[in-house]
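Here are the chains, one letter per residue:
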Amino acid sequence: MKPYSRIIFVVFIAAVLAVAINLPAARAAGAPDGDPPLAVRRVLADVGPLMERKAYDQAVARLEAFRSEVDGRHPMVGFVLGSAYLLQNDFERAKGILRPLVAERPAWPDAWLNLAKACYETGDYGAAADCFAAAYEHSAEKDPQHLYFCATARMLAKQNTGAVAAFERLFQAHPGQVKAQWKEHYVHALLAVDQPRRALPLVKELARIANGEARVRWQELTLHLCLQAGMNAEARAMALDLTREEPTTARWWKALAHVELSAGRHAEALAALTVYGYLQPLTEAEQQLWADLNLQLDIPGRAAPVYDRLLQHKNDPKLIEKLISAYRQEGRYDEALALLDRNGADDPAKGMLRADLLYSARRFTEAAEAYRRAALKNKDAAGQAWLMAGYAAWQDNDLETSRQAFRRASVFKQHKKAALSAIQQIEAIN
């Protein structure tokens, strides 16, 4: 990014011509006072036409040769030589000339600007920012662009706190001259220092004044920052307004779905995502989210086909578990068990799931055995597995097996109360 690539900071030509025809004024603040020595005026008069013809090599050669003479160290010679190196894109040599010059004459804004250009072009963005700030300080006109260039150079140097400070000074000192592009970069600086609330008013303003795709981007950022700042009600109101204003624009339905999801309004999120899917094909991730929302809202019949289709493209264990859950909610236990058997039913972690499916299918004898196996293979689930083994055996009217399972479950603190209560009920009945 070069925010000032079209600005030419080399400003020496007017000064050279003024010297050549001996005009008394036309010098910027900080430039040498009075007329230069005759030898200096002569060499500058020689160099002026060369510079106008863009014969920079000849101009540099003439000035470098002159620098070995008595008057060759005059500041105007150094200024013009540094500027010539700039026009040759020899930025390192330009810095070597201009740095001593601003050290000697720190109140010379044109020299600071040329040094800023040289530093910027060599990637020394922090130094460029310092130069722009110095040019602003020492300039009578107080050009707001110099503060803007200082701020953007700070951003490029990853000095974001300094960039924010430069932007703040710019906006305070020149409120009537601030451009939209400057506000855009100020937003980026604020976000870089994690100050979204301060950025939000500017983002809203940019969303109002921008057009086309730029306006859409600022509107999307407004929604994002509102959510980030916990302003969910405002984000929702904005998203709803956008869907009403542009009901056929898919991105606003997607944004509304995200806003609703962030607030835990799953039914509203599903509705918005469904409309979005009508307007634009859902990605695999979006299809899975749509299915997940249906599953959470107890609509497994809509979720299962999506999970099944997604599994044809990738063997994802989480998707398998979700499809099994959808089948279970629908009462399609045989399909759920078949899917589990094809995908690692012997895995101890899935043993409990298989037992739960058998229990839901009222296949209590098999369920009790599956729970017992799970208890022996999976220590983390042992307490729950023995408890459920007791209930399954009880449902199967195998009371002794049920008592044994409940006794083993009672060893586990978390399940002790339920297990002992079940034993008491069995004893009371029998």
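In case you missed it, the structure is sitting above this.
This section reports on the structure supplied with the text. (Residues numbered from 1 in each chain as written. Predicted model: local features only at pLDDT ≥ 70, side-chain atom pairs only at ≥ 80, totals over all residues. Heavy atoms only, no water.)

Some words on the overall build of the protein chain
Working step 1: Across its full length, the protein chain carries 24 helices and 0 strands.
Working step 2: Its C-alpha radius of gyration of 38 Å places the protein chain more than 25% over the 22 Å reference for a compact globule of 430 residues.
Working step 3: Oriented by its inertia axes, the alpha-carbon framework of the protein chain measures out at about 125 × 45 × 40 Å.
Working step 4: Of all 430 residues assigned to the protein chain, the portion counted as buried reaches 47%.
Working step 5: Nonlocal contacts in the protein chain, meaning residues at least 24 apart in sequence, comprise 49% of its contacts between residues at least 6 apart.
Working step 6: Accessible surface computed for the protein chain: about 21,700 Å², of which carbon and sulfur atoms make up 50%.
Working step 7: Charged side chains in the protein chain number 54 positive and 51 negative. The centres of these two groups are separated by 2 Å. (Helix = DSSP H or I, 4+ residues; strand = E, 2+ residues; numbered from the N terminus. Rg over C-alpha atoms; globule rule 2.2 N^0.38 Å. Buried < 20%, exposed > 50% of the residue type's maximum accessible area, 1.4 Å probe, protein only. Contact = heavy atoms within 4.5 Å. Areas by Shrake-Rupley, 256 points an atom, 1.4 Å probe, with all protein chains shown as cover. Lys, Arg positive; Asp, Glu negative; His and termini not counted. Charge placed at Lys NZ, Arg CZ, Asp CG, Glu CD.)

Details of the packing of helix H17 (residues 300-311) against helix H18 (residues 317-330)
The geometry of a pair of packed helices is captured by two quantities: the angle between their axes and the separation between those axes.
Working step 1: Between H17 and H18, the shortest axis-to-axis distance is 9 Å and the interhelical angle comes to 150 degrees. As judged from the angle between their axes, H17 and H18 are roughly antiparallel. Like other packed secondary-structure pairs, H17 and H18 cross with a definite hand, here left-handed. Residues Pro300, Gly301, Ala304, Tyr307, Asp308, Leu310 and Leu311 of H17 form the contact with H18, whose own contacting residues are Leu319, Ile320, Lys322, Leu323, Ala326, Tyr327, Gln329 and Glu330.
Working step 2: Looking at side-chain class alone, the contact of H17 with H18 contains 10 nonpolar, 2 polar and 3 charged residues. (Axes fitted to C-alpha atoms, helices over the stretch in contact; angles between N-to-C directions. Parallel < 35°, antiparallel > 145°, perpendicular 65-115°, else oblique. Left-handed = near helix turned anticlockwise from the far one by under 90°. Nonpolar A, V, L, I, M, F, W, Y, C, P; charged D, E, K, R; others polar.)

What to know about the pattern of salt bridges
Working step 1: Inspection of the entire model under this criterion finds 27 salt bridges.
Working step 2: We note a salt bridge from Lys183 to Glu205, for which the minimum N-O separation is 2.3 Å. Here Glu205 lies in helix H11 (residues 196-209) and Lys183 lies in helix H10 (residues 180-192), a separation of 22 residues in the sequence.
Working step 3: Using a relative accessible area of 16% as the deciding quantity, one classes Lys183 as buried.
Working step 4: Accessibility expressed as a relative area gives 22% for Glu205, which makes it partly exposed.
Working step 5: Within this structure, Glu213, Glu220 and Arg251 form a network of salt bridges that share partners. (Salt bridge = Lys/Arg side-chain N within 4 Å of Asp/Glu carboxyl O.)

Points about the packing of helix H22 (residues 382-395) against helix H23 (residues 399-409)
Working step 1: H23 packs onto H22 with a crossing angle of 160 degrees between their chain directions and a minimal axis gap of 7 Å. Considering the angle they form, H22 stands roughly antiparallel to H23. In this structure, H22 meets H23 at a crossing whose hand is left-handed. Residues Gly383, Trp386, Leu387, Ala389, Gly390, Tyr391, Ala393 and Trp394 of H22 touch H23, and the partners they reach there are Leu399, Thr401, Ser402, Ala405, Phe406, Arg408 and Ala409.
Working step 2: Broken down by class, the residue content of the contact of H22 with H23 amounts to 10 nonpolar, 4 polar and 1 charged.

What about helix H16 (residues 284-296)?
Working step 1: Here H16 contains 13 residues, and its C-alpha end-to-end distance of 18 Å stays within 8% of the 18 Å for a straight helix at 1.5 Å per residue.
Working step 2: Buried within H16 we find Glu286, Gln287, Gln288, Trp290, Ala291, Asp292, Leu293, Asn294 and Leu295.
Working step 3: Those residues of H16 that are buried lie in contact with helix H14 (250-262), helix H15 (266-279), H17 and H18.
Working step 4: Looking one or two residues beyond H16, the residue adopting positive phi is Asp298, at roughly 60 degrees. (Expected span 1.5 Å × (residues − 1).)

Section: the side chain of Asn294
Working step 1: Inspection of the secondary structure assignment puts Asn294 in helix H16.
Working step 2: Of the residues examined, Asn294 reaches a relative accessible area of 0% and is grouped as buried.
Working step 3: With sequence-adjacent residues up to four places away left out, Asn294 is seen in contact with Leu270, Ile299, Pro300, Arg302 and Ala303.

The values reported here are purely geometric and, on their own, carry no functional implication.
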